[in-house]
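Observations on the three-dimensional arrangement
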Amino acid sequence: MFSLTRKELDAMAAVDIRTVDIDTLTDLRDIKINTQQPVEKKLMSFARQTGNLYVHRIGDYIVKVHYEEGGATIDDKMEGYLKHLAEVHIG
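Residues numbered from 1 in each chain as written. Predicted model: local features only at pLDDT ≥ 70, side-chain atom pairs only at ≥ 80, totals over all residues. Heavy atoms only, no water.

1. Some thoughts on the overall build of the protein
Tallying secondary structure elements over the protein gives 3 helices and 2 strands in all. Across the protein, helices and strands are ordered from the amino to the carboxyl terminus as α-α-β-β-α. Dimensions along the principal axes, computed over C-alpha positions, put the protein at roughly 50 × 35 × 25 Å. In the protein, which comprises 91 residues, the share counted as buried stands at 20%. By sequence separation, contacts in the protein at least 24 residues apart represent 58% of the contacts at least 6 residues apart. Total accessible area on the protein stands at roughly 7,400 Å², and carbon and sulfur atoms take up 55% of it. In the protein, which carries 12 positive and 15 negative side-chain charges, the distance between the mean positions of the two groups comes to 4 Å. (Helix = DSSP H or I, 4+ residues; strand = E, 2+ residues; numbered from the N terminus. Buried < 20%, exposed > 50% of the residue type's maximum accessible area, 1.4 Å probe, protein only. Contact = heavy atoms within 4.5 Å. Areas by Shrake-Rupley, 256 points an atom, 1.4 Å probe, with all protein chains shown as cover. Lys, Arg positive; Asp, Glu negative; His and termini not counted. Charge placed at Lys NZ, Arg CZ, Asp CG, Glu CD.)

What follows is the structure in structure tokens.
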């Protein structure tokens, strides 16, 4: 069974994306998840494959996520971001 302590999770969340070495981060494109498994097993698989649950990379970009129960989905956030970009470039 894979598990993390609160101290380990807090240390992961505290990583500063301005100073982290991108070469130490897991590229999200390399993560493989069996979508047929229950959510708990999918989460454990994701946790095992990443060195940090909060900070990752996608190619040359560093991505930091924040988990919020009942909050906006990643799709909602991306839609808002794209609308903002459109307003900046059009308006």
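2. Describing helix α2 (residues 39-49)
It helps to recall that an α-helix has 3.6 residues per turn; residues three or four apart then point in one direction. Taken residue by residue, α2 has Met44, Ser45, Phe46 and Ala47 as its buried positions. Packing partners of the buried residues in α2 comprise β1 (55-58).

3. Regarding the pattern of salt bridges
For the structure on display, the rule yields 5 salt bridges. Among the salt bridges present, the one from Asp27 reaches Arg29, with a minimum N-O distance of 2.7 Å. Classification of Arg29 as exposed rests on a relative accessible area of 54%. (Salt bridge = Lys/Arg side-chain N within 4 Å of Asp/Glu carboxyl O.)

4. Section: the side chain of Thr50
Within the secondary structure, Thr50 is located in the loop between α2 and β1. Ignoring sequence-local partners within four residues, the contact set of Thr50 consists of Thr26, Ile31 and His56.

5. Thoughts on a nonpolar patch on the surface
On the surface, a cluster of nonpolar side chains totalling about 320 Å² of accessible area is made up of Met78, Tyr81 and Leu82. Inspection of the secondary structure puts Met78 in helix α3 (residues 74-90). Taking relative accessible area as the criterion, Met78 reaches 42% and is therefore assigned partly exposed. (Patch = residues over 30% accessible without salt bridge, like charges linked within 9 Å, V, L, I, M, F, W, Y side chains within 5 Å.)

6. Topic: the pairing of β1
In this sheet, strand β2 (residues 61-64) lies alongside β1 in antiparallel orientation, the contact comprising 4 bridges. In the strand pairing of β2, Ile58 is matched with Tyr61. Counted along the chain from β1 to the antiparallel partner β2, the turn is 2 residues long, and its residue Gly59 has a positive phi close to 65 degrees. (Pairing = 2+ DSSP bridges.)

7. Digging into the environment of Ser3
You can see Ser3 is positioned in the segment before α1 (6-13). Spatially, the C-alpha atom of Ser3 lies 9.2 Å from that of Arg48, the residues being 45 residues apart in sequence.

8. Focus: the environment of Gln49
Assignment of secondary structure puts Gln49 in helix α2. Linking Gln49 and Lys32, residues 17 residues apart in sequence, is a C-alpha distance of 8.2 Å. In contact with Gln49, not counting residues within four places along its chain, are Thr26, Asp30, Ile31, Lys32 and Ile33. At a separation of 2.9 Å, a polar atom in the side chain of Gln49 contacts the side chain of Ser45. (Polar contact = N/O pair within 3.5 Å; in protein donor to acceptor, adjacent residues only side chain to side chain.)

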